[in-house]
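# Survey of secondary and tertiary structure
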Amino acid sequence: MKVLENMYDEVLRYVLREPFLHPYTIHDIRHLRKSTTVYACYEDDILKGYALIFHGLRDHLSIIIDGEGDEVVSELFEYVSFRIPLKRAIIHVPIRYREIALRYVKPLSLYEAYSMYTTGDMLKEPLMKLNVLFTELTDLSSYEIPEFISRRIEYLGKTYGAVMGNRIIAFGGLYVHEPEVSMVGSIWVDPEYRGRGLGKAITYYVSRKALEKSRYACLWVNVNNVPAVRAYLGVGYRIARREAWINVGVDISP
């Protein structure tokens, strides 16, 4: 077994087999290589797993490690931890490899998230009890901006909202928007309007926009956020697998 550095194209081909499990890897390799380090693990010259380290965040690393079996993932953690101080990072691994990750880091917090996906054929339009305008938010200067949106807006490539006058009452966006997959996130509903189907409606709207370009739409959601999980299942998302979200020196939740 051997690990090679910066095998960008090889890792990209590897993750494109299941793009809904690797949206950030696809995006970072294609668009942010200067801020991205990739390690590929080979067994008998066959790629069996990878680690991606994104250096472009303000005060911490984002690390994704995935592979085919405990030995591969252990080898990648050993390789990465020897070369990079894992003092401030969010580490993403499939839940089956959580215990391997914990051999190398002492987390400040640890969350479990569902990785979910849908397609155009799977997506289901929900009923909604309000008459509101759903639109892409290309110019936010004419709206009142809730604090949640102001915190998330800089990380999103595209943003959408349900609006009433100059008020955004539901919101969501796309972190990744590639031909193979789009990453839906930051779904939010104004507390005053919750319980009226807006969560499902904005998720459906953002996902439908994503699927105009992409084969898959995907998202991550904390497994303990039962209402959100139920809403996503209700508009046609399926659970692909459980992920471990491990915070080292930071505390950011999915």
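Structure first, text after, so check above.
Each value, and the rule that gives it
Residues numbered from 1 in each chain as written. Predicted model: local features only at pLDDT ≥ 70, side-chain atom pairs only at ≥ 80, totals over all residues. Heavy atoms only, no water. Helix = DSSP H or I, 4+ residues; strand = E, 2+ residues; numbered from the N terminus. Rg over C-alpha atoms; globule rule 2.2 N^0.38 Å. Buried < 20%, exposed > 50% of the residue type's maximum accessible area, 1.4 Å probe, protein only. Contact = heavy atoms within 4.5 Å. Areas by Shrake-Rupley, 256 points an atom, 1.4 Å probe, with all protein chains shown as cover. Pairing = 2+ DSSP bridges. Axes fitted to C-alpha atoms, helices over the stretch in contact; angles between N-to-C directions. Phe/Tyr/Trp six-rings, centres within 6.5 Å; stacked < 30°, edge-to-face > 60°. Lys NZ or Arg CZ within 6 Å of the ring centre and 35° of its normal. Core = buried A, V, L, I, M, F, W, Y, C linked by side-chain atoms within 4.5 Å. Arc of directions from axis to C-beta. Salt bridge = Lys/Arg side-chain N within 4 Å of Asp/Glu carboxyl O.

Helix and strand counts for the chain come out as 7 helices and 12 strands. In terms of overall size, the chain behaves like a compact globule, its C-alpha atoms giving a radius of gyration of 19 Å where 254 residues would be expected to give roughly 18 Å. Projected onto the principal axes, the alpha-carbon positions of the chain cover approximately 60 × 35 × 30 Å. Of all 254 residues assigned to the chain, the portion counted as buried reaches 54%. Looking at the chain alone, contacts between residues at least 24 apart form 69% of all its contacts between residues at least 6 apart. With an accessible surface of roughly 12,300 Å², the chain has 47% of that area assigned to carbon and sulfur atoms.

Another point: the sheet that holds strand 11 (residues 216–222). A sheet is described by the order of its strands in space; here 12 strands give the open sequence 1-2-3-4-5-12-6-11-10-9-8-7, paired in mixed fashion. Two strands lie at the open edges of the sheet, namely strand 1 (2–5) and strand 7 (133–136), each paired on one side alone. With direction set aside, neighbouring strand axes in the sheet form an average angle of 25°. Bridge analysis of strand 6 (residues 109–118) against strand 11 gives 6 bridges, and the strand direction is antiparallel. Paired with Ala113 across the two strands is Asn222, which belongs to strand 11. Contacts from helix 1 (residues 8–15) reach strand 2 (36–43), strand 3 (46–54) and strand 4 (61–67), with the element oriented near 105° to strand 3. Its contacts with the sheet place helix 7 (residues 226–234) against strand 6, strand 10 (181–189), strand 11 and strand 12 (238–248), and it is angled at close to 160° to strand 11.

A ring pair, where both rings are aromatic, is described by two values, the distance of the centres and the angle of the planes. Counted according to the given criterion, the structure contains 13 aromatic pairs. Among the aromatic side chains, those forming a connected cluster through ring pairs are Tyr24, Tyr175, Trp220 and Trp245. The lysine or arginine in question, Arg83, covers the ring of Tyr79, its NZ or CZ lying 3.4 Å from the ring centre.

Further remarks concern the nonpolar core. With 39 residues, the main nonpolar core has Val11, Val15, Phe20, Ile29, Tyr50, Ile168 and Phe171 as its most contacted residues. Of all the secondary structure elements, the ones that give two or more residues to this core are helix 1, helix 2 (23–31), strand 2, strand 3, helix 5 (147–152), strand 9 (167–177), strand 10 and strand 11. The leading source of residues in this core is helix 1, at 5 residues. Ignoring sequence-local partners within four residues, the contact set of Val15 consists of His22, Thr25, Ile26 and Tyr50. Counting 29 residues, the second-largest nonpolar core is a separate cluster that includes Tyr160, Ala162, Val223 and Tyr237.

Before going further, it helps to spend a moment on helix 7. Three or more residues of helix 7 are buried, namely Ala228, Val229, Ala231 and Tyr232. Buried residues in helix 7, looked at end-on, bunch into an arc of 160°, giving them a common side. Exposed and oriented more than 90 degrees from the buried face of helix 7 are Pro227 and Arg230. Structurally, helix 7 contributes buried residues whose contacts are with strand 6, strand 10, helix 6 (198–210) and strand 11. Directly after helix 7, the chain includes Gly236, whose backbone phi takes a positive value near 110°.

Tallied over the full model, the rule gives 19 salt bridges. Put simply, Arg30 and Glu178 hold a salt bridge, and the shortest N to O gap is 3.0 Å. A residue pair is termed long-range when its members are at least 10 positions apart, and Arg30 in helix 2 and Glu178 in the loop between strand 9 and strand 10 qualify at 148 residues. A salt bridge links Arg151 to Glu147; the nearest nitrogen and oxygen atoms lie 3.4 Å apart. With Arg151 and Glu147 both in helix 5 and 4 residues apart, the pair spans about one turn of that helix.

Right, let's get into the pairing of strand 6. In terms of residue burial, strand 6 counts as a mostly covered element, since 8 of its 10 residues are buried. Bridge count between strand 6 and strand 12: 9 bridges; the pairing is antiparallel. The residue bridging Ala113 from the neighbouring strand is Glu243, located in strand 12.

This part takes up the side chain of Ser207. With respect to the element layout, Ser207 can be found in helix 6. Residue classification places Ser207 among the buried residues on the basis of a relative accessible area of 0%. The contact partners of Ser207, leaving out residues within four places of it in the chain, are Leu123, Val184, Ala217 and Tyr237.

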